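Inside the fold
So you can see what is in the structure, the chains are spelled out below.
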There are 2 protein chains.
Amino acid sequence: MALSDLAADDLDRLESALASEYETLASRGLSLDLTRGKPAPEQLDLSERLLSLPGEGDHLAGGTDVRNYGGGAGLPELRSIFAELLGVDADRLVAQDNASLSIMYDLLTFAMLFGTPDSGRPWKDEPQLRWLCPVPGYDRHFAVTQAMGIEMVPVPLGEDGPDMDEVERLVAEDPSIRGMWAVPIFSNPTGAVYTDHTVSRLARMATAAPDFRIIWDNAYVVHTLTEDFPKVPDVDSIAEEAGHPNRFLQVCSTSKITFAGAGVSFLSASRENLDWYLGHMSVRSIGPNKVNQLAHARFFGDAAGVRDLMQEHRKVIAPKFEAAAAALSRRLGEYDVATWTRPDGGYFIDLEVPDGTATETVRLAGDVGVALTPAGSAYPYGEDPGDRHIRLAPTLPPLAEIEAAMDVVGLCALLAACRAARR
Amino acid sequence: MALSDLAADDLDRLESALASEYETLASRGLSLDLTRGKPAPEQLDLSERLLSLPGEGDHLAGGTDVRNYGGGAGLPELRSIFAELLGVDADRLVAQDNASLSIMYDLLTFAMLFGTPDSGRPWKDEPQLRWLCPVPGYDRHFAVTQAMGIEMVPVPLGEDGPDMDEVERLVAEDPSIRGMWAVPIFSNPTGAVYTDHTVSRLARMATAAPDFRIIWDNAYVVHTLTEDFPKVPDVDSIAEEAGHPNRFLQVCSTSKITFAGAGVSFLSASRENLDWYLGHMSVRSIGPNKVNQLAHARFFGDAAGVRDLMQEHRKVIAPKFEAAAAALSRRLGEYDVATWTRPDGGYFIDLEVPDGTATETVRLAGDVGVALTPAGSAYPYGEDPGDRHIRLAPTLPPLAEIEAAMDVVGLCALLAACRAARR
């Protein structure tokens, strides 16, 4: 029976039973962590061979000595593999060091200090800068725009992507809105995949700012939880046809393909955007780590090698997502008090609890040893106006811990919901 | 006999003979390159074993899985090695990715966008920013300050370091001077080593700007051309005693120890400076490439391992410096028209030719197939007011090519000097 249909004394009895169970939990001394989207050791083991690559004697790539300086755009051998995965021309994609977050940070830094190719002046000289943030979204994105002093404007993210009516309205009327964050495939944290129609509207829409940019973070582009891989739209071609060739700045990385923190990252964009980025980067660096890029090229072999590896990842983590959903369902299903996403890919589950109970759920879980990402972290400035969303990251802990931790999360969410309903 | 003592007809005869020899050279179709300070393949071969490190199964460093996210300050195992080489505490040194140039760029970016811990406001909001540039100096340093729109003020670099009377006078009176570039050991390009007295004056001097910073680029700290290693001053301790604890930002890297472009870099500074840097970096990245850091720690073993490796480098490149000096001496010695540095370490020779002939010398050499760094590149904005300095980089080409190329350089310098003397 739905929680909202329970009579007052039934609600009392339920709360009392849950509270008692919760007290028992407190004595168990749990220490479980669902906070960050980190790969599990078994996933990292899949790429263990990389630790010995490229290997002694293997330091040439098409005549380039990867041990020496140069080659700011990255190794063609590696770029061609990811160009195929992203469905773009290899000359429209550059390979960089280990973090796409750093590429995104630098893109905004360059825009702040120097302006984009379409800007009248550096963004730092603008009286006001705003940025659209589909919510719930990725906390590290929001931290970058916040650091830069760019005011963040939330827009709701649905199953098909952001609320496009709202996006179109905002960008058309407000020239201070200079861009937007997007995780178009298996979005962090809901798992939403932007539809073709959404992508088309983003490419076509008129913006008051001439230098409007969408940072298109394809962090989970091959991170499937099924046997299939998502279709990847060629956003630059779509935007070029729509007359906005410089609109998209697409990034991705191998952080959750090979090694988190020791992989390689990529930027795909229009020629003008790439020349702008590489021009500024050439002052910052004499080139990325080509040894690591060659190691990755040797390890993958080709695009099929990447897809095969991602299927091995799936075998490790899909059962964790299933176990998490099952545990939530057992605890919460019959009471109809919460919803949670069942993504086809990516690294997260978005648990949506009754209004005003997310913070309390996270507190309750933390107090019995289950660490969750702070409620609100999926929102700019950490402010979830409904206090409803909790981001759950089930990849890192072992399967048994996932089941135990998710059971606790379900219990805490239900307990918080009961108490809220009684008030 | 010195060129300046030659009678007019002797000068004519000399010029005529040199011109004839130059014409012969033109027909030889040379293609030699002395432009950049890049390691030679034999030097890179010394670290070939790194290409297989850390090796399968070796991914733990003191309990940290180097394959996963985190650890923004870098691996302690590696930091302790370079802390010993720099003579600093390991907790005052952080290890980053492959380019110290990137650390320097980011330091200035953070100062521009956010200000330093001692700044009243972000540097971007200051009406005027100036920066001291000892000359001749490093072109990539100058490119960074130029990109940021910071006005560069040259100060002469002598054998003991920059002209300290001039430095002290400028920083005391002009609050818009926010910092200074320095390559204190085996300076690029002259090979000068700052004396203890210079270091002390830099640490002690009063500056009108409260947030004055010296970017202390110890790029060649162990890059000796002799059996000895230079003494490394602990600048942070000296500055702290002088009441200016945040004055120095010291960087170095293994770009010319292991692999250029695939090494590791370091920042050593006061606790307050490091916290400031790491705080901003934590928004830009979830951490550096710890796999590469572990590989380097395994490869070096300890600080003695680094020193041993540098002696192997010396065996490869010291003969090239000797051959270069000998070739210049043969061509130019008797005429007393030019001077060149004979550094005890580093990567460059600074050739100083008669006033107004550096550009012509570079042009003449280029026209017969010997590429040199453009005259003026060792000066801010590429402007050497005397047109006297030519930076020669003898490490990359094979020994035989160094001899051939330096002979051409000597010939061209002498020919340009003759022609200038006849005018």
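Residues numbered from 1 in each chain as written. Chains lettered and ligands numbered in written order. Predicted model: local features only at pLDDT ≥ 70, side-chain atom pairs only at ≥ 80, totals over all residues. Heavy atoms only, no water.

Chain B puts 59 residues into the contact, and the matching count from chain A is 59 residues. Overall, the association of chain B and chain A removes approximately 4,700 Å² of surface from exposure, summing both partners, and the carbon and sulfur fraction of that is 55%. A per-residue breakdown of the area chain B buries against chain A is headed by Arg67, Tyr69 and Arg284 of chain B, which together make up 18% of the total. For the pair chain B and chain A, the interface holds 6 salt bridges. Of the charged contacts, one joins Asp106 of chain A and Arg284 of chain B as a salt bridge, the two residues approaching to 2.8 Å between their closest N and O atoms. On inspection of chain B and its partner chain A, the count reaches 26 residue pairs in polar contact (both at pLDDT 80 or more). It is helix α4 (residues 100-114) of chain B that contributes the most residues to the side of chain B that touches chain A, 9 residues altogether. Tallied by class, the residues present in the side of chain B that touches chain A amount to 27 nonpolar, 17 polar and 15 charged. (Contact = heavy atoms within 4.5 Å. Buried area = accessible area lost by both parts, 1.4 Å probe. Salt bridge = Lys/Arg side-chain N within 4 Å of Asp/Glu carboxyl O. Polar contact = N/O pair within 3.5 Å; in protein donor to acceptor, adjacent residues only side chain to side chain. Helix = DSSP H or I, 4+ residues; strand = E, 2+ residues; numbered from the N terminus. Nonpolar A, V, L, I, M, F, W, Y, C, P; charged D, E, K, R; others polar.)

Now for the side chain of Thr254 of chain B. Residue and element names in this part refer to chain B. Along the polypeptide, Thr254 turns up in the loop between β10 (248-253) and β11 (265-269). The exposure class of Thr254 is buried, given its relative accessible area of 0%. Contact partners of Thr254, with chain neighbours within four places excluded, come to Phe82, Phe259, Gly263, Val264, Phe266, His296 and Phe300. (Buried < 20%, exposed > 50% of the residue type's maximum accessible area, 1.4 Å probe, protein only.)

With that settled, the discussion passes to the pairing of strand β15 (residues 389-392) of chain B. Residues and elements named next belong to chain B. Across the two faces of β15 the burial is the same, with His389 and Arg391 and Ile390 and Leu392 all buried. Strand direction decides the pairing type here: strand β13 (residues 349-352) and β15, joined by 4 bridges, are antiparallel. Within β15, the position partnered with Glu352 by the bridge is His389. (Pairing = 2+ DSSP bridges.)

The strands making up a sheet associate through backbone hydrogen bonding, with each pair oriented either parallel or antiparallel. Residue and element names in this part refer to chain A. The 8 strands lie next to each other as β4-β11-β10-β9-β8-β5-β6-β7, forming an open sheet whose pairing is mixed. On the outer flanks of this sheet lie β4 (93-96) and β7 (161-162), each paired with one strand and no other. Two elements, strand β9 (residues 213-217) and strand β10 (residues 248-253), share 4 bridges in a ladder whose sense is parallel. Within the sheet, the bridge partner assigned to Ile215 lies in β10 and is Leu249. The sheet strands contacting helix α5 (residues 139-147) are β5 (130-135), β6 (151-158), β8 (177-182) and β9, and the helix crosses β8 at an angle near 160°. (Axes fitted to C-alpha atoms, helices over the stretch in contact; angles between N-to-C directions.)

Below, the discussion takes up the relation of the copies chain B and chain A. Mapping chain B onto chain A is achieved by rotating through 180° and translating by 0.0 Å along the same axis, at an RMSD of 0.1 Å. Expressed as an axis order, the relation between the two copies is that of a two-fold axis. By C-alpha distance to the rotation axis, the residue of chain B lying nearest is Ser52 of chain B, at 2.0 Å. Comparing interface residues between copies, 100% of those in chain B also sit at the interface in chain A, which points to an isologous, same-surface contact. (Least-squares fit on C-alpha atoms with pLDDT ≥ 70 in both.)

A few words on the sheet that holds strand β13 (residues 349-352) of chain A. Pairing is antiparallel in the open sheet, where 3 strands are placed in the order β12-β13-β15 (chain A). Strand pairing shows two members of the sheet lacking a second neighbour, β12 (339-340) and β15 (389-392) of chain A, which therefore form its edges.

Before going further, it helps to examine helix α11 (residues 303-332) of chain A. A rise of 1.5 Å per residue sets the reference length of α11 of chain A, with its 30 residues, at 44 Å; its end C-alpha atoms lie 41 Å apart and thus fit the reference within 8%. The sharpest bend along α11 of chain A reaches about 35° and sits at Lys315 of chain A, with the proline Pro319 of chain A one to four residues further on. (Expected span 1.5 Å × (residues − 1). Bend = angle between axes of the 7 residues up to and from the residue.)

Residues and elements named next belong to chain A. Summed over all chains, the structure comprises 66 salt bridges over all chains. Here Asp139 and Arg391 are joined by a salt bridge, their closest N and O atoms 3.8 Å apart. Taken together, the residues span a long stretch of sequence, with Asp139 in helix α5 and Arg391 in strand β15 at a distance of 252 residues. Linking Arg331 and Asp407 is a salt bridge whose minimum nitrogen-to-oxygen distance equals 2.9 Å. With Arg331 in helix α11 and Asp407 in helix α13 (residues 399-422), this residue pair connects regions lying 76 residues apart in the sequence. Its relative accessible area of 14% is what places Arg331 among the buried residues. Among the charged side chains, a network of salt bridges with common partners joins Asp12, Glu15, Arg419 and Arg422.

For the rest of this paragraph, the subject is the layout of surface pockets. A water-sized probe, rolled over the atoms, reveals where empty space remains. Within this model, the largest pocket holds a volume of roughly 580 Å³. A per-class count over the lining of the largest pocket returns 14 nonpolar, 18 polar and 8 charged. (1 Å grid on protein atoms, 1.4 Å probe; cavity = no way out; pocket = protein on both sides within 12 Å on 5 of 7 lines; lining within 4 Å. Points joined across faces, edges and corners; volume = space filled by probe spheres on them.)

Relative to each other, helix α4 (residues 100-114) of chain A and α4 of chain B sit at 55°, their axes nearing to 11 Å. Taken together, α4 of chain A and α4 of chain B sit at an angle that is classed as oblique. For α4 of chain A against α4 of chain B, the interelement crossing comes out left-handed. Along its contact with α4 of chain A, which presents Tyr105, Thr109, Phe110, Met112, Leu113 and Phe114 of chain A, the element α4 of chain B presents Tyr105, Thr109, Phe110, Met112, Leu113 and Phe114 of chain B. Classifying every residue of the contact of α4 of chain A with α4 of chain B gives 10 nonpolar, 2 polar and no charged. (Parallel < 35°, antiparallel > 145°, perpendicular 65-115°, else oblique. Left-handed = near helix turned anticlockwise from the far one by under 90°.)

Residue and element names in this part refer to chain B. Tracing the backbone shows Phe259 in the loop between β10 and β11. Using a relative accessible area of 2% as the deciding quantity, one classes Phe259 as buried. Residues Phe259 and Leu44, 215 residues apart in the sequence, show an inter-C-alpha distance of 6.1 Å.

Glancing now at the side chain of Arg213 of chain B. All names here are of chain B. By secondary structure assignment, the location of Arg213 is in strand β9 (residues 213-217). Residue classification places Arg213 among the buried residues on the basis of a relative accessible area of 3%. Reaching out from Arg213, the side chain makes a polar contact with the backbone oxygen of Asn246 at a distance of 3.1 Å. The residues contacting Arg213, other than those within four sequence positions of it, are Thr116, Pro117, Asp118, Trp131, Arg178, Gly179, Met180, Asn246, Arg247, Leu249 and Asn273.

Another aspect to go through is the packing of helix α1 (residues 8-26) of chain A against α13 of chain A. Residue and element names in this part refer to chain A. At a closest axis distance of 9 Å, the pairing of α1 and α13 adopts a crossing angle of 140°. Of the possible angle classes, the one that applies to α1 and α13 is oblique. As for the relative orientation of α1 and α13, their crossing is left-handed in sense. In this structure, α1 contributes Leu11, Asp12, Leu14, Glu15, Leu18, Ala19, Glu21, Tyr22 and Leu25 to the contact, and α13 contributes Val408, Leu411, Cys412, Leu414, Leu415, Cys418, Arg419, Ala421 and Arg422. Here the residues of the contact of α1 with α13 are counted per class, giving 13 nonpolar, no polar and 5 charged.

Further remarks concern the confidence of the model for chain A. For chain A, per-residue confidence averages 97 on the pLDDT scale, and 100% of positions sit at 70 or higher. We note a pTM of 0.97 for the whole complex and an ipTM of 0.97 for its interfaces. (pLDDT = per-residue confidence, 0-100.)

Overall, the coordinates contain 24 aromatic pairs over all chains when judged by the stated rule. Summarising the aromatic geometry, the rings of Phe82 of chain B and Phe266 of chain B are spaced 4.3 Å apart at their centres and angled 20° between planes, so their arrangement reads as stacked. Placement of the pair is Phe82 of chain B in helix α3 (residues 76-86) and Phe266 of chain B in strand β11, with a sequence separation of 184 residues. For the pair Phe82 of chain B and Phe266 of chain B, a shared accessibility class is recorded, and that class is buried. Following the ring pairs from residue to residue traces out a cluster consisting of Tyr105 of chain A together with Phe110, Phe114, Trp276 and Tyr277 of chain B. Cation over ring: Lys256 of chain A sits above Tyr347 of chain A, and NZ or CZ is 5.3 Å from the ring centre. (Phe/Tyr/Trp six-rings, centres within 6.5 Å; stacked < 30°, edge-to-face > 60°. Lys NZ or Arg CZ within 6 Å of the ring centre and 35° of its normal.)

Looking now at the environment of Glu159 of chain A. Residue and element names in this part refer to chain A. Turning to its location among the elements, Glu159 is positioned in the loop between β6 and β7. Separated by 32 residues in the primary sequence, Glu159 and Gly191 have C-alpha atoms spaced 8.2 Å apart. Discounting residues that sit within four places of it in the chain, Glu159 has contacts with Ala192 and Val193.

Residues and elements named next belong to chain B. Burial of strand β8 (residues 177-182) is extensive: 6 of the 6 residues sit out of reach of the surface. In terms of strand pairing, strand β5 (residues 130-135) meets β8 through 3 bridges, oriented parallel. Looking across to β8, one finds that Arg130 is bridged to Ile177. With 4 bridges connecting them, β8 and β9 associate as parallel partners.

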